[in-house]
Amino acid sequence: MASCSSTLFSSSPPFSSHCRLHHTHSPNLSTLRFSRPINTKPNHSLRCSVSIEKEVPETERPFTFLRDSDDATHSTSTSVRARFEAMIRAAQDSVCEAIEAVEDGPKFKEDVWSRPGGGGGISRVLQDGNVFEKAGVNVSVVYGVMPPEAYRAAKGSASDQKPGPVPFFAAGVSSVLHPKNPFAPTLHFNYRYFETDAPKDVPGAPRQWWFGGGTDFTPAYIFEDDVKHFHTIQKQACDKFDPSFYPRFKKWCDDYFYIKHRDERRGLGGIFFDDLNDYDQEMLLAFSTECANSVVPAYIPIVEKRKDMEFTEQHKAWQQLRRGRYVEFNLVYDRGTTFGLKTGGRVESILVSLPLSARWEYDHKPEEGTEEWNLLDACINPKEWI
């Protein structure tokens, strides 16, 4: 993003929930406020700057966005970096192929961009298709530099050492899919990996890393078979690694996608996790891969089932009202969107999550007992679907 694209930070920037960013006048610098340093006492605060290069358009996709120097300097972490980049690019390809198969004609528009010092991304968007009003699937790889204060916060402990600027690496895939038919649900997913290098002034200092991501489901109308199918696929992916993951990450998802000023959730949940580094790194890489690979089987069969259902103007109006809630959450609360907008990011990538159309009506309240009321009730009172 330019500072960073929303691909990487959609739902959560790699600095996670413990930081807030404020715009500066420099095109390559952003001011980062840690409201609570990572793994440190919650009453400590600091200000710092994060430096990321401006992106440059490219005419074709490179084999990798990783720096050539990674192989020589990061023999242990490079394999994770390289495999995570390969995973997110494969996920982008598989989701785009599945969407184009459903569309049966319309294709994604692709933009490729890079940064002089390494990194880059691929943005793919399909608009006004046969089935999808708007579908965006983005990947990005980012190299940047954080100041010593941010490094000490990430380390989670105070130190008498005064390291210099700390390089960091981050990569992610993010997607939002908005179908035309009001009976077909919107889907969002995002999977990301972040790591810091040892400061040049402190060779051998510990490297920090973590994974984040999730997949969530936002219908305008409830078909319980659809919701159960979606959540079952999420649970199956989680259960392959830890039976505590699904209940833990489902609640996290319900809590994260909460529209405070409406006192309701954006949709019917899914899974969400962040700052995950308390398990084996290889296990978490495999878990993120499994979750990303679960997107197509969790979602496409539902779209196939609902895309041609007949609907009325009333159904479409309700979908547009719920799209309005989607816009409210993304522009007011979503950490990735606000991060990108406040740091001079690539606006087209940041706002790709927004639908082409939405609707707001003054003091709209669905009649109790209607299909619309049932959806709103489920957004206000999250349920256990399986």
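Here's what I pulled together on the structure shown here. (Residues numbered from 1 in each chain as written. Predicted model: local features only at pLDDT ≥ 70, side-chain atom pairs only at ≥ 80, totals over all residues. Heavy atoms only, no water.)

**Details of the side chain of Arg-265**
Tracing the chain through its elements places Arg-265 in strand β12 (residues 264–265). Buried and unpaired, Arg-265 has Asp-255 as its nearest opposite-charge partner, separated by 4.3 Å. Among the polar contacts made by the side chain of Arg-265, one reaches the main-chain carbonyl oxygen of Asp-254 at a distance of 3.2 Å. At 3.3 Å, the side chain of Arg-265 forms a polar contact with the backbone oxygen of Ile-380. In this structure Arg-265 touches Asp-254, Asp-255, Phe-257, Tyr-258, Ile-259, Arg-322, Cys-379, Ile-380 and Pro-382, once residues within four positions along its chain are discounted. (Helix = DSSP H or I, 4+ residues; strand = E, 2+ residues; numbered from the N terminus. Buried < 20%, exposed > 50% of the residue type's maximum accessible area, 1.4 Å probe, protein only. Lys, Arg positive; Asp, Glu negative; His and termini not counted. Salt bridge = Lys/Arg side-chain N within 4 Å of Asp/Glu carboxyl O. Polar contact = N/O pair within 3.5 Å; in protein donor to acceptor, adjacent residues only side chain to side chain. Contact = heavy atoms within 4.5 Å.)

**Quick notes on the packing of aromatic side chains**
In total, this model carries 27 aromatic pairs according to the counting rule given. Considering the side-chain rings of Phe-183 and Phe-223, the 5.8 Å spacing of their centres and the 80° angle between planes classify their relative orientation as edge-to-face. Of this pair, Phe-183 sits in the loop between β8 (166–179) and β9 (186–196) while Phe-223 sits in the loop between β10 (209–218) and α5 (224–239), and the two are 40 residues apart along the sequence. A relative accessible area of 7% places Phe-183 in the buried class. Seen from their ring centres, Phe-249 and Phe-273 are 5.2 Å apart, and the 35° between their planes marks the pair as tilted. With a gap of 24 residues between them, Phe-249 in helix α6 (residues 245–256) and Phe-273 in strand β13 (residues 270–276) connect regions that are remote in the sequence. Comparing Phe-249 with Phe-273 shows no difference in burial state: the two are buried. (Phe/Tyr/Trp six-rings, centres within 6.5 Å; stacked < 30°, edge-to-face > 60°.)

**Some points on the pairing of strand β5 (residues 109–114)**
Consecutive side chains of a regular strand alternate in pointing toward one face of the sheet and then the other. Note: strand β4 (residues 56–58) against β5, 3 bridges, orientation antiparallel. Among the inter-strand pairings, Pro-57 is bridged to a residue of β5, identified as Trp-113. The sheet contact formed by β5 and strand β6 (residues 119–127) spans 6 bridges and is antiparallel. Looking across to β6, one finds that Trp-113 is bridged to Gly-121. Hairpin connection, β5 to β6: the antiparallel pair is bridged by 4 residues, and Gly-118 has positive phi, about 115°. (Pairing = 2+ DSSP bridges.)

**Let's talk about a nonpolar patch on the surface**
On the surface, a nonpolar cluster with roughly 310 Å² of combined accessible area is contributed by Leu-331, Val-332, Leu-341 and Val-347. For Leu-341, the position within the fold is in helix α10 (residues 335–342). Note on Leu-341: relative accessible area 40%, which makes it partly exposed. (Patch = residues over 30% accessible without salt bridge, like charges linked within 9 Å, V, L, I, M, F, W, Y side chains within 5 Å. Areas by Shrake-Rupley, 256 points an atom, 1.4 Å probe, with all protein chains shown as cover.)

**A closer look at the pattern of salt bridges**
One pass over the full model with this rule turns up 26 salt bridges. Glu-110 is the partner of Arg-61 in a salt bridge, and the nearest nitrogen-oxygen pair spans 2.9 Å. One end of the pair, Arg-61, is in the loop between β4 and α2 (70–73); the other, Glu-110, is in strand β5, with 49 residues separating them in the sequence. The exposure class of Glu-110 is partly exposed, given its relative accessible area of 30%. Of the charged contacts in the structure, one is a salt bridge between Asp-308 and Lys-307, with a shortest N-O distance of 2.9 Å. The class for Asp-308 is exposed, based on a relative accessible area of 62%. Through salt bridges that share partners, Arg-61, Asp-93, Glu-110 and Arg-124 make up one connected network.

**Thoughts on the packing of α5 against helix α8 (residues 295–306)**
Interhelical geometry of α5 versus α8 gives an angle of 165° and a closest axis separation of 8 Å. By the criterion of interaxial angle, the relationship of α5 to α8 is roughly antiparallel. As for how α5 packs across α8, the hand of that crossing is right-handed. Contacts from Asp-226, His-229, Phe-230, Ile-233 and Gln-234 in α5 reach Pro-297, Ala-298, Pro-301, Ile-302, Lys-305 and Arg-306 in α8. In the contact of α5 with α8, the residues fall into 6 nonpolar, 2 polar and 3 charged. (Axes fitted to C-alpha atoms, helices over the stretch in contact; angles between N-to-C directions. Parallel < 35°, antiparallel > 145°, perpendicular 65-115°, else oblique. Left-handed = near helix turned anticlockwise from the far one by under 90°. Nonpolar A, V, L, I, M, F, W, Y, C, P; charged D, E, K, R; others polar.)

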